[in-house]
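Here is how the chains run, residue by residue.
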Amino acid sequence: MMFKFLCAAILASTATAFAPAANVDRPQTVRYMADDAEAVTPFRIGTRGSPLALAQAYETRKRLQENFPELCEDGAIEICVLKTQGDMILDKSLMELGGKGLFTKELDVALLGDEVDICVHSMKDVPTWLPEGTILPCNLPREDTNDAFIHKDGSVTTIEGLPDHSVIGTASLRRQAQLMAKNPTLKCVNFRGNVQTRLRKLDDGVVDATLLAIAGLKRMNMDGCATAVLDWEEMLPAVAQGAIGIQCRSDDERSLKYIDALNHPDTKVCVDCERAFLEALDGNCKTPIAGQARIVDGEVVFKGLIAMPDGSELYKTEAKGAPEDAKEIGFKAGQELKERVGDKFFEMMVEMSPQQVLGQITK
């Protein structure tokens, strides 16, 4: 009852706070500008329209205005909302839809078409490759990277405490694999939609528990819904989880000047390390991969894993080194893990159809 009351109050306060000003049936831009801004050349921020994405865009706007007084003028910054394929198709898993790029493709098109000046992304949604003519040189200070465990009534506070055959709602193969490695009887079901939608499903009893990034909950002041925050040993987070990235055209000096001032070096180092690990593994949307780096006593400390979707095989690796070698550290960790796992593992993953993978994780 306490969970329902708390989340109902939070959902009511956040459901409309970041909503777009207009509904769109296809990817298009919705612009927010002051009425008297016609004489100003606005700096255009491209973003998805979910409450979390908008919270991140507004955070970017706030930081720009704190660093550049000219961007505080009426109409100086314009937030452009675009719908992506991943936002529009919610009845299929990301794996069935094609995985990475589902939440960035329309933003890439808008950026290259000069419809926006920068794009604000959740870094874990960004493929390891970027379209030619674009770069991603900026990461904002990182939020807590861990996963939040949310139980339907708060009576269970750990994964190990879940009764056999519990139903877990998640669209993440990474989470599914680690959950089932701990308890093969758990049933994982596709659980998509924005944070508010997922919490409503939990409240309605569709599943027994779910996992969400605590970073997103914190950015929307909804972390009170979390039953517990899982450490890396319980659930290793996704590559680049908790990080916001800002992308621009590679030849856009104005945008580069603005976003360079926002970059947080330590976050950039860790995210670069993690993404290099993912690149080395050449992970596809059917491969559960996790990877996290942090700076400890001046060193980059990295942990990564790769698994079968049903958790029957799970391989881990660790590495550390100097921050200036972050990309090399991550890439070598990925190569080492790839060699240890062997070609057969990856051949199996490539050959498996989405239906076969889903059959493993929902059995």
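Structure first, text after, so check above.
A. Expanded view of the environment of Phe302. In this structure, Phe302 sits in strand E13 (residues 299–307). For Phe302 and Gly321, which are 19 residues apart along the polypeptide, the C-alpha to C-alpha distance reads 8.9 Å. Sequence-distant contacts of Phe302, that is, excluding residues within four places in its chain, are made with Cys273, Glu274, Phe277, Gly291, Gln292, Ala293, Thr317, Glu318, Ala319 and Ala333.

B. Structural context of the sheet that holds strand E14 (residues 314–321). Within the open sheet, the three strands sit side by side as E12-E13-E14. Their pairing is antiparallel. The sheet is open, and its two edges are formed by strand E12 (289–296) and E14, each paired on a single side. Neighbour-to-neighbour, the strand axes of this sheet turn through a mean angle of 10 degrees, independent of strand direction. Bridge analysis of E13 against E14 gives eight bridges, and the strand direction is antiparallel.

C. Local environment of the environment of Lys124. If you trace the backbone, Lys124 turns up in the loop between strand E4 (118–122) and strand E5 (134–139). The sequence separation of Lys124 and Val271 amounts to 147 residues, and the corresponding C-alpha distance is 9.4 Å.

D. Expanded view of the layout of surface pockets. Estimates place the volume of the second largest pocket at around 270 Å³. In terms of lining, the second largest pocket is formed by Met123, Thr128, Leu130, Leu136, Asn139, Lys268, Val271, Asp272, Arg275, Ala276, Glu279 and Lys327. Listing elements by their share of the lining of the second largest pocket, those giving two or more residues are E5 and helix H10 (265–281). With six residues, H10 is the single largest residue contributor to the lining of the second largest pocket. Residues belonging to the lining of the second largest pocket are distributed by class as follows: five nonpolar, two polar and five charged.

E. Focus on unusual backbone geometry. Look at His165: it is not a glycine, yet its phi comes out positive at around 70 degrees. With a relative accessible area of 59%, His165 lands in the exposed category. One non-glycine residue, Ala240, adopts positive backbone phi at about 70 degrees. With respect to the secondary-structure elements, Ala240 resides in the loop between strand E10 (228–230) and strand E11 (244–249).

F. Representation of the nonpolar core within the structure. With 27 residues, the main nonpolar core has Met123, Cys273, Phe277, Leu281, Val300, Ile306 and Phe345 as its most contacted residues. It is H10 that contributes the most residues to this core, seven residues altogether. By size, the runner-up hydrophobic cluster in this structure holds 21 residues, among which are Ile45, Phe68, Ile79 and Ile259.

G. A look at helix H7 (residues 195–203). Residues of H7 that are buried: Val195, Gln196, Arg198, Leu199 and Leu202. When H7 is viewed along its axis, its buried side chains cluster within an angular range of 160 degrees and face the same direction. Just downstream of H7, Gly205 is the residue with a positive phi angle, here 80 degrees.

H. Up close: helix H2 (residues 51–67). Between its terminal C-alpha atoms H2 stretches 25 Å, which fits the 24 Å expected from 17 residues at 1.5 Å a residue. Turning to H2, its buried residues number three or more, namely Pro51, Leu52, Ala53, Leu54, Ala55, Gln56, Ala57, Thr60 and Leu64.

What counts as what
- Residues numbered from 1 in each chain as written.
- Predicted model: local features only at pLDDT ≥ 70, side-chain atom pairs only at ≥ 80, totals over all residues.
- Heavy atoms only, no water.
- Helix = DSSP H or I, 4+ residues; strand = E, 2+ residues; numbered from the N terminus.
- Contact = heavy atoms within 4.5 Å.
- Pairing = 2+ DSSP bridges.
- Axes fitted to C-alpha atoms, helices over the stretch in contact; angles between N-to-C directions.
- 1 Å grid on protein atoms, 1.4 Å probe; cavity = no way out; pocket = protein on both sides within 12 Å on 5 of 7 lines; lining within 4 Å.
- Points joined across faces, edges and corners; volume = space filled by probe spheres on them.
- Nonpolar A, V, L, I, M, F, W, Y, C, P; charged D, E, K, R; others polar.
- Buried < 20%, exposed > 50% of the residue type's maximum accessible area, 1.4 Å probe, protein only.
- Core = buried A, V, L, I, M, F, W, Y, C linked by side-chain atoms within 4.5 Å.
- Arc of directions from axis to C-beta.
- Expected span 1.5 Å × (residues − 1).

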